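For reference, the chains in residue letters:
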Amino acid sequence: MSFRRDGWALVLLTTSGVVTALACVAWALGNLGSPPPEHHVYLWMGAALMAMGAAFSVPLQPRLSMRVTLTPTACLVCASVLPAPWVVVCAAAGLTVARLLARRPRSFCPHKVVHNTSMDIIAAALASAVMFAFGIRPHLGEPAPTAPSLSRHLFGFLVAALVVVVFEELVTTTAVTLSTGRPFLVVLRGLWLTRLGVAVAEISIAGVVTVVTGLEKRALVALPVMMLILHLSLTYRLRVREERRAWEHLAALSDALTARDLDVVLHTAAGGAVDLFGARAADIELTGGRRLVRASQQGGVTRVVFDGPAAEAPDVAGPRSVVRHEIGGDANGVQGIVRLHLNGPRDALSVRERAALQAFAATLASSVDLAHAYGQLAAEARQHEAAATHDDETGIPNRAALLNRLSEMSGESCHTVVIRLENYHFLADAVGRDRASALLKTLADRLCQLPRDTTSAVARVGDVTFALVMGDVTTDIAYQRACWAVAELRREINVDGRRLVVRASAGMASGPPGPRLLDAAERVLWRAIRRGQDRLVSYQSGPVREWSLARELSHARMSISFEPIVDLVSDRIAMVQSTPRWLYSRHEVLTADDYAYQLVDDPDSLETLAGKVVARSLSAAATWRDALPDAALVVPVPAGALTPGFADTTRDLLREHAVAGTSLVLALGRPPQPDALDGAERMRQFGVRLLLDSYGSGHGGIESLDAATWSYLRLHPAYALDAGWQPARSVIRAAVNLASDLDLTVIAPGITTDDERRELAGLGCALGSGPLVGGEMFPSQLRSHAQVWQPTPLHAAARVLPLHRAGRTVPRRRG
């Protein structure tokens, strides 16, 4: 509706101008005098002067509806030397002919020609009227009997010039406002300094010409040539100024495009293109139409009017011509299109503007690539920052973030609750890892949805462990919230149609905020789990003492299982391997091997644990001893426990259980240290033998064979033949050769078939264990197994001896 009103207002303005101009022409025709024939040339020169003033026009800026003409100069000169009626007639004739014969531009509009012609006629009439009012009344022929004074003449001329310039500016600004919809003051302020300078120059030139023609009227004949020179000079100066302004604008725009934010770059580029090229709208579209940014000028201000997918962009209203240019077409980075919507259907860019568009597109391509690269770096930095402080699987803060939160908290007291999902690993093995991950995410969401204040925090601090931190609340309130949290986790969860229940337990500790508070809560939780306390939350008031693994293991329950070791040739059970395990918690069992012993640094604690393992193994072996009276018992102990005190303890245990020292073999996963050799030698004195376990691993290598007096050598389970490892046979053969040289007996674990047993016996292994001869079993099961065991000897077995052991020598090559 506003565009329709503006259109009617423009038509009304033009109509009123035409009517006024016709009235002026009618008055002039009615008051024309008859000049002498010799003065007709001045009338022709006046008409020519008006025609040249209208024809010699220069645009202030490309695609701007305002142009600079020399019509005000012609009007002032003619009003100073010609009678008022002839000024109007010359203006009407010269302006009409000039605009009818002028070359039609692409944006030619008859309405504009009629409007400009009528307004110029009115301007000429106003100039004559003002001078007539000041007594300046030129005559063709005899001079006027009374002439105004020089000061009055000069003042009248200046007033007439001011009236003409003000009238031209007001009419032009009003017409541009109505045709473009831009605010009046914005149009009036546009390039005002240039327009003011041109107006002052035209008035000055008109004044000089008026003085010259007043002295010699025949100088009017040379005025058209002077106006041509003036037009050429003005055109050159305006063109140079416009080019300088355009390249300065392009340089400023290029500098603004160096931003690192892609949104800023695209918005700046779209708005800058509108201002730089005077377009109605400008589009910056990235490759594939994934994003389009459009800017247009509204109310004299350039704004971004759309930013989104190109398919959702509305069409630009009104007739227009579109200029396109590729962004980064010759590069490998982000590509796109710059699209300029010009003002008219036949509007086009000049040569200079096409060069500027090419430079603008190249700068924009580099800026978009740079901003895109910075955006990717920023996204990766945010991802790394989030990964460092958040758990990937659940999306909540991790242990590091919670410790930072505890370090930054203020206050005298804080409450930390550690919640453990005790049967999560069992559920994950049963339902699959994908469903288990969904279950874990659901539990984390439940914790996050619990009511809490701003000082509370939830985090995942372990594989199946969560933590809840509460501050600025009393201990009773914190305990109740912790109980509600655990009860919420114990509710049923529907995972793909299966109803699952998680056994959750929690430990709570209170004290000053800090990382130690989290450790205290974890210790409270572990103690409750180890004791089998099925509570929602276990809480300990006061300081929580730190715990040691050795102390926990020494008080933990232990289970003993056995595995038979047979002679590979006779198939007779020659030894029994003891496998002790600690029942560390309701859902965790720790095997008594080097993986657990490595966490105990105290030699006294290692000695205590080793003595307990030997005692429990000897006690459990009494169950099957009557069925296997000659079988030796192999007990794993840590190498650090071979002290003289442990040797005495072992001797006492053997006496207590009435077992000969030769019936006990201690298996060491690591070679003993030099200070433990005394203990090892003392045990050898009462018949206890040593077994080097896991030979071929990182700790059981060739250098370990000289660390103690070994009786047995057991290969690492990785070299079992059923594992399919190609170096296995070579390692077994090398171990057999070394053992033969050192008079050691080789034990091969993991035998699954008779073919493997036969092959291992052929390679030289004397003993072996594995599923073929009976796997791991409880003491009572081993007794039953021994009672029904029927050995199957290998009658055709032949041991493969090295060449030097077969009585042959290998010749040495002489260098």
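Residues numbered from 1 in each chain as written. Predicted model: local features only at pLDDT ≥ 70, side-chain atom pairs only at ≥ 80, totals over all residues. Heavy atoms only, no water.

**Q** Tell me about the overall build of the protein, and name the residues and values.
**A** The secondary structure content of the protein amounts to 24 helices and 23 strands. Across the 815 residues that make up the protein, the buried fraction comes to 46%. Contacts in the protein between residues far apart in sequence, at least 24 positions, make up 68% of those at least 6 positions apart. By element, 57% of the accessible surface of the protein is carried by carbon and sulfur atoms, the whole surface being about 41,100 Å². (Helix = DSSP H or I, 4+ residues; strand = E, 2+ residues; numbered from the N terminus. Buried < 20%, exposed > 50% of the residue type's maximum accessible area, 1.4 Å probe, protein only. Contact = heavy atoms within 4.5 Å. Areas by Shrake-Rupley, 256 points an atom, 1.4 Å probe, with all protein chains shown as cover.)

**Q** Could you give an account of helix H12 (residues 399–408), with specific residues and numbers?
**A** Those residues of H12 that sit buried are Ala-401, Leu-402 and Leu-406. Down the axis, H12 shows its buried residues gathered within 140° of arc, on one side only. Buried residues along H12 sit in contact with helix H11 (351–389), strand E8 (414–421), strand E9 (457–460), strand E10 (465–471) and helix H16 (515–530). (Arc of directions from axis to C-beta.)

**Q** Tell me about helix H24 (residues 779–788), and name the residues and values.
**A** Along H24, the residues that are buried comprise Pro-779, Leu-782, His-785 and Ala-786. Projected down its long axis, H24 carries its buried residues within an arc of 115°, all on one side. Exposed residues lying more than 90 degrees from the buried face of H24 are Gln-787 and Val-788. Check the buried side of H24 and you find it contacts strand E15 (557–567), strand E16 (573–583) and helix H19 (603–621).

**Q** Explain the sheet that holds strand E5 (residues 301–308) to me, using residue names and the numbers behind them.
**A** Strands sit in the order E5-E4-E3-E7-E6 across an open sheet of five strands; the sheet is antiparallel. What marks the edges here is a single partner per strand, and that holds for E5 and strand E6 (322–327). Strand-to-strand, the axes of this sheet are offset by a mean angle of 15°, without reference to chain direction. Sheet analysis places strand E4 (residues 292–298) next to E5, joined by seven bridges and oriented antiparallel. Note that in E5 the partner of Ala-295 across the bridge is Val-304. Its contacts with the sheet place helix H10 (residues 262–277) against strand E3 (281–286), E4, E5 and strand E7 (336–341), and it is angled at close to 40° to E4. Against the sheet, H11 contacts E3, E6 and E7, and its axis sits at roughly 45° relative to E6. (Pairing = 2+ DSSP bridges. Axes fitted to C-alpha atoms, helices over the stretch in contact; angles between N-to-C directions.)

**Q** Any details on the pairing of strand E19 (residues 664–668)? Residues and values, ideally.
**A** Where burial is concerned, most of E19 is hidden: five out of the five residues are buried. Direction of pairing for strand E18 (residues 632–636) relative to E19: parallel, over a ladder of four bridges. When the sheet's bridge partners are listed, Val-634 is paired in E19 with Val-665. Pairing geometry for E19 and strand E20 (residues 689–695), over four bridges, is parallel. Its bridge partner lying in E20, Leu-668 is registered against Leu-692.

**Q** Account for the side chain of Arg-714, naming residues and giving values.
**A** Turning to its location among the elements, Arg-714 is positioned in strand E21 (residues 712–715). Assessed through its relative accessible area of 7%, Arg-714 is described here as buried. Only 2.9 Å separates the side chain of Arg-714 from the side chain of Asp-693, close enough to count as a polar contact. What Arg-714 contacts, discounting residues up to four positions off in sequence, is Ile-565, Gln-577, Val-634, Ala-667, Leu-691, Leu-692, Asp-693, Ser-694, Tyr-695, Ile-747 and Pro-749. (Polar contact = N/O pair within 3.5 Å; in protein donor to acceptor, adjacent residues only side chain to side chain.)

**Q** So what's going on with the sheet that holds E9? Which residues, and what values?
**A** Within the open sheet, the five strands sit side by side as E9-E10-E8-E13-E14. Their pairing is mixed. With partners counted over all chains shown, the strands left at the sheet margins are E9 and strand E14 (537–539), one partner each. Here the average twist between neighbouring strands, direction ignored, is 20°. Strands E8, E9 and E10 of the sheet are contacted by H12, whose axis makes an angle of about 145° with E9.

**Q** Let's hear about the pairing of E3: which residues, and what values?
**A** For E3, the tally of buried residues reaches six of six residues, placing the bulk of the element in the interior. Of the two faces of E3, both are covered, the one formed by Ala-281, Asp-283 and Glu-285 as well as the one formed by Ala-282, Ile-284 and Leu-286. Summarising the sheet, E3 and E4 pair through five bridges and their orientation is antiparallel. Bridged to Glu-285 within E4 is Leu-292.

**Q** Explain a nonpolar patch on the surface residue by residue, including any values.
**A** A cluster of nonpolar side chains, Val-97, Leu-100 and Leu-101, forms an exposed patch at the surface whose accessible area comes to about 330 Å². Within the secondary structure layout, Leu-101 lies in helix H4 (residues 84–101). According to the relative accessible area criterion, Leu-101 is exposed, its value standing at 69%. (Patch = residues over 30% accessible without salt bridge, like charges linked within 9 Å, V, L, I, M, F, W, Y side chains within 5 Å. Salt bridge = Lys/Arg side-chain N within 4 Å of Asp/Glu carboxyl O.)

**Q** Break down the packing of H12 against H16 for me, with residues and values.
**A** At their nearest, the axes of H12 and H16 sit 8 Å apart, and the two run at 120° to each other. Judged on the interaxial angle alone, H16 and H12 are oblique. Judged by residue contacts, Arg-399, Leu-402, Leu-403, Leu-406 and Ser-407 of H12 engage Pro-515, Leu-518, Asp-519 and Glu-522 from H16. For the contact of H12 with H16, the per-class residue count stands at five nonpolar, one polar and three charged. (Parallel < 35°, antiparallel > 145°, perpendicular 65-115°, else oblique. Nonpolar A, V, L, I, M, F, W, Y, C, P; charged D, E, K, R; others polar.)

**Q** If you had to explain the packing of aromatic side chains to someone new, which residues and values would you point to?
**A** Evaluation of the coordinates by the stated rule reveals three aromatic pairs. Here the aromatic rings of Phe-277 and Phe-360 are separated by 6.3 Å at their centres, their planes lie at 75°, and the arrangement is edge-to-face. Of this pair, Phe-277 sits in helix H10 while Phe-360 sits in helix H11, and the two are 83 residues apart along the sequence. With respect to class, Phe-277 is no different from Phe-360; both count as buried. Centroid distance Trp-582 to Tyr-597: 6.1 Å. Interplanar angle 85°. Geometry classified as edge-to-face. Placement of Trp-582 in strand E16 and of Tyr-597 in helix H18 (residues 594–597) is noted, with a sequence separation of 15 residues between them. A residue is classified by how much of its surface remains accessible, and Trp-582, at 0% relative accessible area, is buried. Tyr-597 gets classed as buried once you look at its relative accessible area, which sits at 5%. (Phe/Tyr/Trp six-rings, centres within 6.5 Å; stacked < 30°, edge-to-face > 60°.)

**Q** Explain the side chain of Arg-757 residue by residue, including any values.
**A** With respect to the helices and strands, the residue Arg-757 is situated in helix H23 (residues 754–763). By relative accessible area, Arg-757 is classed as buried at 4%. Leave out the neighbours within four places in its chain, and Arg-757 touches Leu-568, Val-569, Ser-570, Asp-571, Ile-751, Leu-772, Thr-792, Pro-793 and Leu-794.

**Q** Describe the environment of Leu-100, with residues and values.
**A** Position of Leu-100 among the secondary structure elements: in helix H4. Considered as a pair, Leu-100 and Val-113 are 13 residues apart in the sequence and their alpha carbons are 8.6 Å apart.

**Q** How would you explain the confidence of the model for the protein if you had to name every residue and give the values?
**A** A residue-level look at the protein finds 82% of positions with pLDDT of 70 or above and a mean pLDDT of 79. Ranking the elements of the protein by mean pLDDT puts helix H7 (residues 184–189) last, at 63, and E18 first, at 94. Low pLDDT, under 50, characterises residues 800–815; the stretch is placed with seven contacts to residues that sit more than four places away or in other chains. (pLDDT = per-residue confidence, 0-100.)

**Q** Break down the pattern of salt bridges for me, with residues and values.
**A** The final tally for this structure, using the stated rule, is 22 salt bridges. With a shortest N-O distance of 3.2 Å, Glu-681 and Arg-684 are connected by a salt bridge. Taken together, the residues span about one helical turn, with Glu-681 and Arg-684 both in helix H21 (residues 677–685) at a distance of three residues. In the salt-bridge network here, residues are joined through shared partners; they are Asp-283, Glu-285, Arg-294 and Arg-339.

**Q** Break down the packing of H19 against helix H20 (residues 644–656) for me, citing the residues and quoting the values.
**A** In contact at an axis separation of 10 Å, H19 and H20 are set at 15° when each is read in the N-to-C sense. Compared by their axis directions, H19 and H20 come out roughly parallel. Every pair of crossing elements has a handedness; the one defined by H19 and H20 is right-handed. Residues Glu-607, Ala-610, Gly-611, Val-614, Ala-615 and Leu-618 of H19 pack against Gly-645, Phe-646, Leu-653 and Leu-654 of H20. Split by residue class, the contact of H19 with H20 holds seven nonpolar, two polar and one charged. (Left-handed = near helix turned anticlockwise from the far one by under 90°.)

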